[in-house]
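# Descriptive structure summary
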Amino acid sequence: MVSVPVKIEDRGRWAVSKLSIEKDGLKASGDVNLDIPYRTIVDLEAKGNILSITAKERENQPYRLASVEKVLNVLKRQILLSCSAYRLSTFFMSPAVRGGVLAQNAAWEKGGIAVLKSGIWFFSQDHQICVPLADVASIELTKREVQGKDLDVVKVDHIEDTEVVTSLVLCPLTTLQVLYNFLKESTKSMDMDGAELDPKSAQVAMLVYSGMDTAAIENMLSISHKEVDHIYDALIGLGLAEVVVIRREVKLTTKGVRYITDATKV
Amino acid sequence: MGRILVVDDTLFMRTLLKNILFSGGHMIVGEAENGDDAIAKYQELNPDLVTMDIVMPKKNGIDALKGIRTIDPNAKVIMCTAVGQEQMVKLAVKSGARGYIVKPFQAPKVLEEVKNVLGT
């Protein structure tokens, strides 16, 4: 049993406590009582120095713990090894590629992969990396050269700060196939449901991604404001875009025209 | 600000890149839609920088890069790659590419890379 210093969120305030990392769960007593058996944990999220732990009996009210990075890493690893998740021992490389280019210092690590409710976790003795399921862009069973041999791997692409980041998982092919199927199923909600974009809509989507505004899109594609609006509606309907600002176009009234005319008189 | 030659086989991508580069204050001196055309335009226009698509008909971007570097060993060429073409990027860098941008483009990233390569 190991005891680590943490802060535990309790009714809107943070209470300083000692958390025991026990064989079958996390426990704290004192100001705040806590007992989280590992097998009840269904989700884990890490943001900064806060860890959110979702247990079966209170799925809408995750436990929130804060501590220093070193302590959180120990907690994350312990939870990932013992929680209720789809879990495999694998070699992984994450990130392997960032923005289309091989990541510096990318190396295969021996560890595991755990698929929880909201994210895919890659974990080893030293690292715990989470890929949120909502950010997964693609999952592919493919081949990669490892020590001179072409080996089967599962490639997971996800979006991080607008860049595509690739992670690779390496294990025996039969296990990879099961993992691939499981990951595909877990991210099914992000699939396009067979509704492909027509070429014009795809171009509009790409221009939006590139940072073009509506006026620039109209100019580049020589289409009307009405047509762009219609395509925006389709993108929003497919869940591919969201409205961030509604801009108004105005024309001057007679009073406005008179004002401008007067203002420009010498 | 630089005088730039844009090389891509699709009109849409060329137009997008031209818009992004123009918005950053650069001058587009020419465009080419394949590798052979790119080498000829480079000789003719002597641009400060080239943005070069990798996958193109006739002569691909890597071969065009090599051709341009034969004419001008100091040529500044930025490769345009698609996600998943990391092996191509390695090859391009070995062949003398000064930088890379990834499709789909994001305007700030494109301008940042151009600025880095131009050294402005």
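Quick summary incoming for the structure in this document. (Residues numbered from 1 in each chain as written. Chains lettered and ligands numbered in written order. Predicted model: local features only at pLDDT ≥ 70, side-chain atom pairs only at ≥ 80, totals over all residues.)

## Regarding helix α1 (residues 69-82) of chain A
Residue and element names in this part refer to chain A. We apply this condition: Per the convention used, a helix needs a DSSP run of H or I reaching at least four residues, while a strand needs a run of E reaching at least two, with both numbered from the N terminus. To estimate how far a helix should reach, multiply one less than its number of residues by 1.5 Å. Any residue surrounded by 20 or more other C-beta atoms within 10 Å of its C-beta is treated as buried, while 12 or fewer makes it exposed and the intermediate range makes it partly exposed; C-beta atoms here are placed from the backbone. It is the C-beta atoms, placed from the backbone, that decide contacts: two residues are in contact if theirs lie within 7 Å.
Compared with the 20 Å implied by 1.5 Å per residue over 14 residues, the 20 Å span of α1 between its first and last C-alpha is a close match. Residues Leu72, Leu75, Lys76, Arg77, Ile79 and Leu80 constitute the buried set of α1. Elements that come into contact with the buried residues of α1 comprise β2 (13-21), β5 (41-47), β6 (50-55), β10 (109-115), β11 (119-124) and β12 (128-132).

## Focus on helix α2 (residues 173-186) of chain A
Residue and element names in this part refer to chain A. We count it as follows: Arc definition: it is the arc formed by the directions from the helix axis to the C-beta atoms.
Over its 14 residues, α2 runs 20 Å from end to end, which matches the ideal 20 Å to within 8%, given 1.5 Å per residue. All of the buried residues along α2 are Leu179, Tyr180 and Leu183. The arc enclosing the buried residues of α2, seen along the axis, measures out at 105°, which places them on a common side. Pointing more than 90 degrees away from the buried face of α2 are the exposed residues Thr174, Asn181 and Glu185. Buried residues belonging to α2 abut β8 (86-98), β10, β11, β13 (136-146), β14 (149-160) and β15 (163-170).

## Some points on the sheet that holds strand β3 (residues 25-28) of chain A
Think of a sheet as strands paired side by side through backbone hydrogen bonds, with each pair either parallel or antiparallel. All names here are of chain A. Applied cut-off: Two strands are counted as paired when DSSP detects at least two bridges linking them. Throughout, an axis means a line fitted to C-alpha atoms (over the contacting stretch in the case of helices), and angles, computed between N-to-C directions, take values from 0 to 180 degrees.
One open sheet accounts for seven strands, arranged β4-β3-β2-β1-β7-β6-β5; its pairing is antiparallel. Each of the sheet's edge strands pairs with one partner strand only, and the pair in question is β4 (34-37) and β5. For this sheet, the mean angle separating the axes of adjacent strands, direction not counted, is 30°. Here four bridges tie β6 to strand β7 (residues 63-66), and the two strands are oriented antiparallel to one another. Note that in β7 the partner of Ser52 across the bridge is Arg64. Packed on one face of the sheet, α1 meets β1 (2-10), β2, β5 and β6 and runs near 155° to β5.

## Structural notes on the pairing of strand β5 (residues 99-103) of chain B
As a general feature of sheets, a regular strand has side chains that alternate between the two faces. Residue and element names in this part refer to chain B. Of all five residues that make up β5, four are buried, and the element is covered over most of its length. In this structure, strand β4 (residues 77-82) lies alongside β5, joined through five bridges in parallel fashion. Looking at the pairing, Ile78 lines up with Gly99 of β5.

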